[in-house]
Amino acid sequence: MINLENIELLVQRTPVDDDFINVVESALRLPFPKWYLQFLKQSNGFDANFLRLYPVDELVERNLTYEVEQYCPDFINIGDDGGGQAILIKSALFDDTSVYLVGHGVMTPEFMEVIGIDFLSWLEAGCPFPD
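Notes on the structure follow. As the structure is a computational prediction, the values presented were derived from the model and not from experiment.

Reading the values: the criteria
Residues numbered from 1 in each chain as written. Predicted model: local features only at pLDDT ≥ 70, side-chain atom pairs only at ≥ 80, totals over all residues. Heavy atoms only, no water. Core = buried A, V, L, I, M, F, W, Y, C linked by side-chain atoms within 4.5 Å. Buried < 20%, exposed > 50% of the residue type's maximum accessible area, 1.4 Å probe, protein only. Contact = heavy atoms within 4.5 Å. Pairing = 2+ DSSP bridges. Helix = DSSP H or I, 4+ residues; strand = E, 2+ residues; numbered from the N terminus. Axes fitted to C-alpha atoms, helices over the stretch in contact; angles between N-to-C directions. Salt bridge = Lys/Arg side-chain N within 4 Å of Asp/Glu carboxyl O.

Here the focus is the nonpolar core. Grouped together as the largest cluster of nonpolar side chains are 33 residues, with contacts concentrated most on Phe 32, Tyr 36, Leu 53, Phe 119, Trp 122 and Leu 123. Each residue touching Trp 122, except ones within four places of it in the same chain, is listed here: Leu 51, Leu 53, Ile 87, Val 99, Ile 115, Gly 116, Cys 127, Pro 128 and Phe 129. Grouped together as the second largest cluster of nonpolar side chains are 9 residues, Val 68, Leu 88, Tyr 100 and Met 112 included.

Below you can see the structure in the form of structure tokens.
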């Protein structure tokens, strides 16, 4: 179980099932990393303060809207900071557990900032953002 107790004003969602996850992975044409799947099976995204990790049913729309496949191939937009910045992770095609932050208007890897070197540790630390 992932410890989410350090996340302020956390509102969790009901976990999602494997069948729906498979549908979304197929639509995005990218596999989710095992550690992200672990999170989704505990909480289908959440809202906390201004931070929002999208529920699975919003992932396709958000990734299409922000043209993630075109500008950030192999990345998945999993949330936002409520202030115009996307939270991204790399797909399971890569051995990268980092959490990235990038402005919606400059959605390219060259402008990304690593905000967590490990997604699960970032969650357990309360989802800190850089100062």
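After that view, the rundown keeps rolling.
What follows deals with the sheet that holds strand 6 (residues 99–103). In spatial order, the strands read 1-2-3-4-5-6-7; together these 7 strands make up an open sheet with antiparallel pairing. Each end of this open sheet is capped by a strand with a single partner; those strands are strand 1 (11–12) and strand 7 (113–116). Sheet topology places strand 3 (residues 51–53) next to strand 4 (residues 75–80); 2 bridges connect them, and they run antiparallel. Among the inter-strand pairings, Arg 52 is bridged to a residue of strand 4, identified as Asp 80. The sheet strands contacting helix 3 (residues 56–65) are strand 3 and strand 4, and the helix crosses strand 4 at an angle near 105°.

Next up on the list: the pattern of salt bridges. Overall, the coordinates contain 7 salt bridges when judged by the stated rule. Across the pair Arg 29 and Glu 69 runs a salt bridge, and its minimum N-O distance is 2.6 Å. Of this pair, Arg 29 sits in the loop between helix 1 (18–28) and helix 2 (34–40) while Glu 69 sits in helix 4 (residues 68–71), placing them 40 residues apart in sequence. Of the charged contacts in the structure, one is a salt bridge between Asp 47 and Arg 52, with a shortest N-O distance of 2.9 Å.

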